[in-house]
Amino acid sequence: MPEVETLPDADSWAAACAARLTETLSAALAESGKAVFAGAGGSTPSPIYARLSQAPLDWPRIVVTLVDERYVPESSPESNAALMKRTLLNGPAATSRFVPLYSPQVTVDRAAAVAAHALATEGGHLDAVLLGMGEDGHICSMFPESPTLKSLLSPKLNPTVLGVPTGRDGRGPTLERLSINLPYLMGARRVVLALTGAAKRDVFEREAAGDPNTQPIAALVANGVPLDVLWTEKA
Ligand SMILES: O=C(O)[C@H](O)[C@@H](O)[C@H](O)[C@H](O)COP(=O)(O)O
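Computed from a predicted model, the values in this text were never measured in an experiment. (Residues numbered from 1 in each chain as written. Predicted model: local features only at pLDDT ≥ 70, side-chain atom pairs only at ≥ 80, totals over all residues. Heavy atoms only, no water.)

Asker: With reference to specific residues and values, describe the layout of surface pockets.
Answerer: Computed from the structure, the largest pocket encloses a volume of approximately 320 Å³. In terms of lining residues, the largest pocket is bounded by 22 residues, among which Gly-42, Met-133, Gly-134, His-138 and Arg-171 are the most central. (1 Å grid on protein atoms, 1.4 Å probe; cavity = no way out; pocket = protein on both sides within 12 Å on 5 of 7 lines; lining within 4 Å. Points joined across faces, edges and corners; volume = space filled by probe spheres on them.)

Asker: Account for the sheet that holds strand 4 (residues 68-70), naming residues and giving values.
Answerer: The three strands are arranged 4-10-7 in an open sheet whose pairing can be described as antiparallel. Looking at the sheet topology across the chains shown, the edges are occupied by strand 4 and strand 7 (161-164). For this sheet the average axis-to-axis angle between neighbouring strands, irrespective of direction, equals 15 degrees. Where strand 7 meets strand 10 (residues 177-180), four bridges bridge the pair, whose relative direction is antiparallel. In the sheet register, Val-164 faces strand 10, and the bridge partner there is Arg-177. Where helix 4 (residues 108-121) meets the sheet, it contacts strand 7 and strand 10, and its direction lies at approximately 160 degrees from that of strand 7. (Pairing = 2+ DSSP bridges. Helix = DSSP H or I, 4+ residues; strand = E, 2+ residues; numbered from the N terminus. Axes fitted to C-alpha atoms, helices over the stretch in contact; angles between N-to-C directions. Contact = heavy atoms within 4.5 Å.)

Asker: I'd like a description of the environment of Thr-196, backed by residues and values.
Answerer: Along the polypeptide, Thr-196 turns up in strand 11 (residues 190-196). You can call Thr-196 buried: its relative accessible area is 17%. Measuring from C-alpha to C-alpha, the distance between Thr-196 and Trp-231 comes to 5.4 Å, with 35 residues separating the pair along the chain. The contact partners of Thr-196, leaving out residues within four places of it in the chain, are Trp-13, Trp-231, Thr-232, Glu-233 and Ala-235. (Buried < 20%, exposed > 50% of the residue type's maximum accessible area, 1.4 Å probe, protein only.)

Asker: Summarise the packing of aromatic side chains; cite the residues concerned and give the values.
Answerer: Within this structure, the stated rule accounts for two aromatic pairs. Measuring from ring centre to ring centre gives 6.2 Å for Phe-37 and Tyr-49, while their planes differ by 90 degrees; the resulting arrangement is edge-to-face. Taken together, the residues span a long stretch of sequence, with Phe-37 in strand 2 (residues 35-39) and Tyr-49 in helix 2 (residues 46-52) at a distance of 12 residues. For the residue pair Phe-37 and Tyr-49, the accessibility class agrees, reading buried in each case. Ring geometry for Tyr-71 against Tyr-102: centres 5.3 Å apart, planes inclined by 55 degrees, an arrangement best described as tilted. Pair noted here: Tyr-71 is in the loop between strand 4 and helix 3 (80-87) and Tyr-102 is in the loop between strand 5 (97-98) and helix 4, with a separation of 31 residues, a long-range link. One Lys or Arg, Arg-201, reaches over the ring of Trp-231 and ends 4.7 Å from the middle of that ring. (Phe/Tyr/Trp six-rings, centres within 6.5 Å; stacked < 30°, edge-to-face > 60°. Lys NZ or Arg CZ within 6 Å of the ring centre and 35° of its normal.)

Asker: An account of the sheet that holds strand 12 (residues 227-232) is needed here, citing residue identities and associated values.
Answerer: Taken in spatial order, the seven strands make up an open sheet running 1-12-11-6-2-3-5, and their pairing is parallel. Taken across any chain shown, the strands that pair with only one partner, and hence form the sheet edges, are strand 1 (4-6) and strand 5. Sheet topology note: the strand 11/strand 12 ladder contains six bridges and is parallel. Residue Ala-194 lies in a different strand from strand 12, and its bridge partner there is Leu-230.

Asker: Break down the nonpolar core for me, citing the residues and quoting the values.
Answerer: Grouped together as the largest cluster of nonpolar side chains are 79 residues, with contacts concentrated most on Phe-37, Leu-88, Leu-131, Leu-185, Leu-193 and Phe-204. Among the elements that line this core, the one with the most residues is helix 1 (residues 10-32), at nine residues. Beyond its immediate chain neighbours, meaning those up to four positions away, Phe-204 contacts Met-1, Pro-2, Val-4, Met-133, Leu-193, Leu-195, Ile-217, Leu-227 and Val-229. (Core = buried A, V, L, I, M, F, W, Y, C linked by side-chain atoms within 4.5 Å.)

Asker: If you had to explain the site of the ligand to someone new, which residues and values would you point to?
Answerer: The full set close to the ligand counts 16 residues, and Thr-44, Asp-68, His-138, Cys-140 and Lys-200 are the nearest of them. Measuring from an oxygen atom of the ligand, one finds a side-chain N or O atom of Arg-171 at 3.1 Å. A distance of 2.6 Å separates an oxygen atom of the ligand from a polar side-chain atom of Lys-200. Out of a free accessible area of 410 Å², the ligand has 97% covered by protein chains. In this structure, the ligand is accommodated by the largest pocket. Within the shell around the ligand, the residues separate by chemical class into three nonpolar, eight polar and five charged. (Near = heavy atom within 4 Å. Polar contact = N/O pair within 3.5 Å; in protein donor to acceptor, adjacent residues only side chain to side chain. Areas by Shrake-Rupley, 256 points an atom, 1.4 Å probe, with all protein chains shown as cover. Sits in = over half its atoms within 2 Å of the grid points. Nonpolar A, V, L, I, M, F, W, Y, C, P; charged D, E, K, R; others polar.)

Functional significance is not addressed by these values, which are geometric in nature.
Next up, the structure:
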């Protein structure tokens, strides 16, 4: 079971998450002259992105992408790309290169294939990843009841992006989505899972002890994903 690092308040938690991601991107830049960051959407990451955007990194050599995306254009209020551009791609980070997952295709699966190719063209590897987690234990768009879950959690596949049909998360129905798969997380240099609130801490601890074939958090643990879990009581 990975250790859960407890931060005393929202500010120190967001700062610690941003510092861990900055450290990881800096190491990748030092080692290979480029770095790839992938981040989550949802409500958790915004204060972390606000801090990360100001990090003194060589942003023109950093590629920024998403761990998942709703199958909507950037003009939609549901778009994670729009969220990322509003919160992370400001200040120094605005000089990074953004690679979206969404593109208007005939089907979400076709869009996933286009996104998979785009990420493969960037090297097919993520250096720093920021994840949130739903109260149903989902990360990325790896939803417990989704028919795509088995493919997304297969550790032996190549890193890729898959289409996720309309489904349900802990808060209700979800749009069709695009999601990276578990092998992308297994190959990452560092994955930061940012959690807030007592409920999510309990969910994390329950899910981490679960079935890696059907529970994404258990799959991260069972497959040795380099995971830092940072938690604070109130965001
Ligand atoms: O597209 C999304 O919604 C996110 O990428 C998703 O995977 C998110 O991380 C979880 O649903 C947690 O969402 P909150 O941070 O809002 O709790």
